[in-house]
Amino acid sequence: MRWDNLGHGGPEASGTTAALFGADVVTRTFDTPEFRGITFHEVRARSIINRVPGASRMPFEWTVNPYRGCSHACVYCFARRSHAYLDLDTGIGFDTQIVVKTNADRLLRRELASPHWTGRHIAMGTNVDCYQRAEGRYRLMPGILAALRDFANPFSILTKGTLILRDLDLIRSARAVAEVGISVSVAFLDEELWRAVESGAPAPERRLDVVRTLTEHGIGCGVLMAPVIPFLSDGPDQLRATVRAIAAAGATSVTPLALHLRPGAREWFMAWLDRHHPGLVRHYEALYADGAYAPKWYQRRITRQVHELAAEYGIGPSRPGAHRAVPESERRASEPGAGPTQLTLL
Ligand code: SF4
């Protein structure tokens, strides 16, 4: 495996290339039902605040990712390709070979204290899920949240993980000193589809419980309705049921994003589609003929439908006590006519 090929010189450094990880890698497996079949590669990262490459259309500039690979194992996950940079497999390897930056919390505290760091917004859960199963064992997020709170640094979290509720108190205390956005990803309610395409992630209903609990504790929470999967989760009744449930859970916003299939995700997803829905393959080839993104007309249609349903069910700023949770830039990106974003589809 290559561990030294994506580094940079620390927060807001430019023009330098440093190794991402140190040489010491400890590989562990745990024979418990929760972690069976998963291998953890414990590494000491050399930097933790990452700048999103300028050419990217991501609606955020700085990220923190304590893990690489994700046991939530979403078939459509665009982050799969990032595993190739470590010479790891982007298919099953992405789901089961998890890199753990064991020093993430201590390193973050050091980088936040750097005179070069100017307190910019930090997005988490934008590459892989920071509340995936590994977090139950390694407990990196409490230290990360405490550091962000202590430096009053604004941040956002996007997750499918119910484990975020473990850190409620830390999130509350961080919100008292900095802008904090929490978003949960729920694209559909269909249990069969969940088991088929998000087999390692908590069920959609459990994720809606997270929204409900956060709301009950006064923490506004948006829902990223992503990915809306063509022909499988985009029927009018499916969209309606999903938005209705999101509204009932108390979400402050709902942001739809249609499935995109970049290299890495595309091969894995299309192979899955061929096995489970062979009749859809030619429809997908037509829909994604021009590249990774569904056509603008499709994106606009989904956005319009979801926004109309959101208005019907009262999701949004008009809801009493509503609080912006999805960053404005992400919301803008979902407006009809906006270009596609490269958010991870947590
Ligand atoms: S889409 Fe998100 S939750 Fe799913 S595997 Fe990728 S990083 Fe994990």
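1. Examining the pattern of salt bridges
- Evaluated as defined, the whole model comprises 16 salt bridges.
- The closest approach of N and O atoms between D150 and R149, which form a salt bridge, is 2.9 Å.
- Across the pair E198 and R207 runs a salt bridge whose closest N-O atoms are separated by 2.7 Å. Residues E198 and R207 agree in their burial class; the two are buried.
- By sharing partners, the salt bridges in this structure join R51, E61 and R120 into a single network.

2. A few points about the pairing of strand 11 (residues 253-258)
- Where burial is concerned, most of strand 11 is hidden: six out of the six residues are buried.
- With burial as the criterion, each face of strand 11 is covered, one bearing S253, T255 and L257 and the other bearing V254, P256 and A258.
- Of the strand pairs in this sheet, strand 10 (residues 221-228) and strand 11 are connected by five bridges, and their pairing is parallel. Pairing of L224 across the sheet is with T255, part of strand 11.

3. As for the sheet that holds strand 11
- Spatial strand order, 3-4-7-8-9-10-11: seven strands in an open sheet with mixed pairing. Strand pairing shows two members of the sheet lacking a second neighbour, strand 3 (49-51) and strand 11, which therefore form its edges. On average, each strand axis in the sheet is tilted by 25° relative to the strand beside it, whichever way the strands run.
- Note that strand 4 (residues 62-64) and strand 7 (residues 122-124) share three bridges and pair parallel. Bridge assignment links V64 to a residue of strand 7, and that residue is M124.
- Against the sheet, helix 8 (residues 204-216) engages strand 9 (180-185) and strand 10, with an angle of about 155° to strand 9.

How each quantity is defined
- Within each chain, residues carry numbers counting from 1 in the order of the written sequence.
- Side-chain atom pairs in this predicted model are given and counted only at pLDDT of 80 or more, local residue features only at pLDDT of at least 70, and totals for whole chains, interfaces and linings cover all residues.
- Here the side-chain values reflect all heavy atoms present in the structure, with hydrogen atoms and water set aside.
- Salt bridges are identified by distance alone: a Lys or Arg side-chain nitrogen within 4 Å of an Asp or Glu carboxyl oxygen.
- Exposure is judged per residue with a 1.4 Å probe applied to protein chains only, and the accessible area is read against the type maximum: over 50% gives exposed, under 20% gives buried, and values in between give partly exposed.
- In this text, helices come from DSSP runs of H or I with a minimum length of four residues, and strands from runs of E with a minimum of two, each type numbered from the N-terminal end.
- Pairing between strands is defined by DSSP: at least two bridges between the two strands are required.
- Axis lines are fitted through C-alpha atoms, for helices just across the contact stretch, and the angle between N-to-C directions can take any value from 0 to 180 degrees.
- Note on contacts: a residue pair qualifies if any of its non-hydrogen atoms lie within 4.5 Å across the two residues.

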